[in-house]
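Secondary and tertiary structure notes
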Amino acid sequence: MLISLGVLMFAFVAYQLWGTGIQTARAQDRLAESFDELLASASTVPPTTPVTVPVAPPSLPEATGGDTTTTTAGVAVTPTTVATTGPIGARPAEGEPLARLEIPAIGIDKIVVEGVQTDDLRKGPGHFPETPLPGEYGNSAIAGHRTTYGQPFYDIDLIVIGDEIAVTTRAGRFVYVVDDISIVGADDYALVVPTVDPTKATLTLSSCHPKFSAKLRYIVRASIDISRSDPVSMPAPLPLPDPIEPTQGSLPNDVPPTSELAPSAPIDSVPQPTAGTSTGTATSIPATTPPAPPISTTPEAVTEPAVASTDESEAVFGSQWFSDDEAFVPVALWGFRLMLVAFIATAISRFARRNWVGALVGIAPFAICLYFFFEDLSRLLPANL
């Protein structure tokens, strides 16, 4: 029994180091094919069209002699251009291909999937769904296995400051340069994954440390190289807020309502340009139109898209041995099936008085049960070990 137990333990180690790698390699082949199709379809999508949104309170007509701004009581307001997000900016479903990750320094060329749950990371590196996409403002975080399931981040500790990390998505190709490397605790999710500065586009890679252990996390941080990357975008479309009624102090720069700007004359008596006439390039908004609220396209004003609770991702980041409580029951069931197959094979050998007869009958069902037993047993390991 001890010898058999030892053989099973070595078989489990072999399954983790090589068997899981075969699964991931097949998954990567399928993902690469799907991702190439996504890139091909993205090339047929019309480019996004900038939409000019006038950000101005009610205007008084003033000829500006070619000036492109609209004036209101001497306050100049320039129209704002907002780039709308097209289909190429859509997030895939969890487990679906998101990007191609290339790290020449350690020979990495993998397809990244959306999501960091156990089933997602079995396919390859996974993108934390609560973070911006690569190529967007904010911190885009990616986790990967260190020693199992193709071990994509096995040599993550060989990355040095200054190394390049290239990420290709449907929105383009983005080059990041490593500028920080650190080792943190398994409970330091809040210090690693969430966006700290939304005005910068950064990338974070995370994996277990040291090898064959889940005690710590090895973190590689990189910042985007704008000169070698496609244009960086906002992490979410900027929807136009609903119009608001003008009230005291509600206009940009605390401009009082229009009714207080010219108390000596009703606003309706102000001359308005007629059809076919022009007052330079200035435009006029009827006084009865509610003012549009101010819109800012600076990264500081961008709010990350609403996502589901980060509790699951945080649990994956800090997962240790036996973190998946739901795995105990299937492990016990498959273990029982293994013992049942072994018992039946032994009974057949004794009945036939030939050991090879029982082994021949039991080897196939035993191997099948052992595979699923190992697969569920793997759920008791740290998620990104």
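So, about the overall build of the protein. In terms of helices and strands, the protein carries six helices and 12 strands. Counting every position in the protein, which comprises 385 residues, the buried fraction comes to 38%. Surface summary for the protein: the accessible area is close to 20,500 Å², and the carbon and sulfur share equals 63%.

Moving on, we get to the side chain of Thr-148. Within the element layout of this structure, Thr-148 appears in the loop between strand S8 (138-143) and strand S9 (164-169). A polar side-chain atom of Thr-148 sits 3.2 Å from a polar atom in the side chain of His-145.

Within the element layout of this structure, Asp-225 appears in the loop between strand S12 (216-224) and helix H4 (311-317). Each C-alpha atom of the pair Asp-225 and Ile-165 lies 10.0 Å from the other, and the pair is 60 residues apart in sequence. Discounting residues that sit within four places of it in the chain, Asp-225 has contacts with Val-175, Tyr-176 and Val-177. For Asp-225, the side chain forms a polar contact with the side chain of Ser-227, separated by 2.6 Å.

We now examine the sheet that holds strand S11 (residues 201-209). Adjacent strands of a sheet form backbone hydrogen bonds with each other and so pair up, either parallel or antiparallel. Spatially, eight strands are ordered S5-S6-S7-S8-S11-S12-S10-S9 in a closed barrel, and the strand pairing comes out mixed. By the bridge criterion, eight bridges tie S11 to S12 in an arrangement that is antiparallel. Across the sheet, Thr-202 pairs through a bridge with Ser-223, a residue of S12. Contacts from helix H1 (residues 2-42) reach strand S5 (97-103), strand S6 (108-114) and S9 within the one sheet, and its direction differs from that of S5 by about 105°.

With 25 residues, helix H5 (residues 328-352) ought to run about 36 Å at 1.5 Å a step, and its terminal C-alpha atoms sit 36 Å apart, in line with that. Among all positions of H5, only Pro-330, Val-331, Trp-334, Gly-335, Leu-338, Val-341, Ala-345 and Ser-349 are buried. The inward-facing, buried residues of H5 abut helix H6 (355-377). Two residues or fewer after H5 comes Arg-353, characterised by a positive phi angle close to 60°.

Judged by side-chain charge, Glu-94, Asp-187, Asp-311, Glu-312 and Glu-314 come together as a negatively charged surface patch. Relative to the elements of secondary structure, Asp-187 occurs in the loop between strand S10 (172-185) and helix H3 (189-192). The class for Asp-187 is exposed, based on a relative accessible area of 66%.

Take H6 next. In the structure, H6 departs most strongly from a straight axis at Gly-362, where the bend amounts to approximately 40° and where the proline Pro-365 lies between one and four residues downstream. For H6, the complete set of buried residues consists of Val-357, Gly-358, Gly-362, Cys-369, Leu-370, Phe-373, Phe-374 and Asp-376.

About the cut-offs
Residues numbered from 1 in each chain as written. Predicted model: local features only at pLDDT ≥ 70, side-chain atom pairs only at ≥ 80, totals over all residues. Heavy atoms only, no water. Helix = DSSP H or I, 4+ residues; strand = E, 2+ residues; numbered from the N terminus. Buried < 20%, exposed > 50% of the residue type's maximum accessible area, 1.4 Å probe, protein only. Areas by Shrake-Rupley, 256 points an atom, 1.4 Å probe, with all protein chains shown as cover. Polar contact = N/O pair within 3.5 Å; in protein donor to acceptor, adjacent residues only side chain to side chain. Contact = heavy atoms within 4.5 Å. Pairing = 2+ DSSP bridges. Axes fitted to C-alpha atoms, helices over the stretch in contact; angles between N-to-C directions. Expected span 1.5 Å × (residues − 1). Patch = residues over 30% accessible without salt bridge, like charges linked within 9 Å, V, L, I, M, F, W, Y side chains within 5 Å. Salt bridge = Lys/Arg side-chain N within 4 Å of Asp/Glu carboxyl O. Lys, Arg positive; Asp, Glu negative; His and termini not counted. Charge placed at Lys NZ, Arg CZ, Asp CG, Glu CD. Bend = angle between axes of the 7 residues up to and from the residue.

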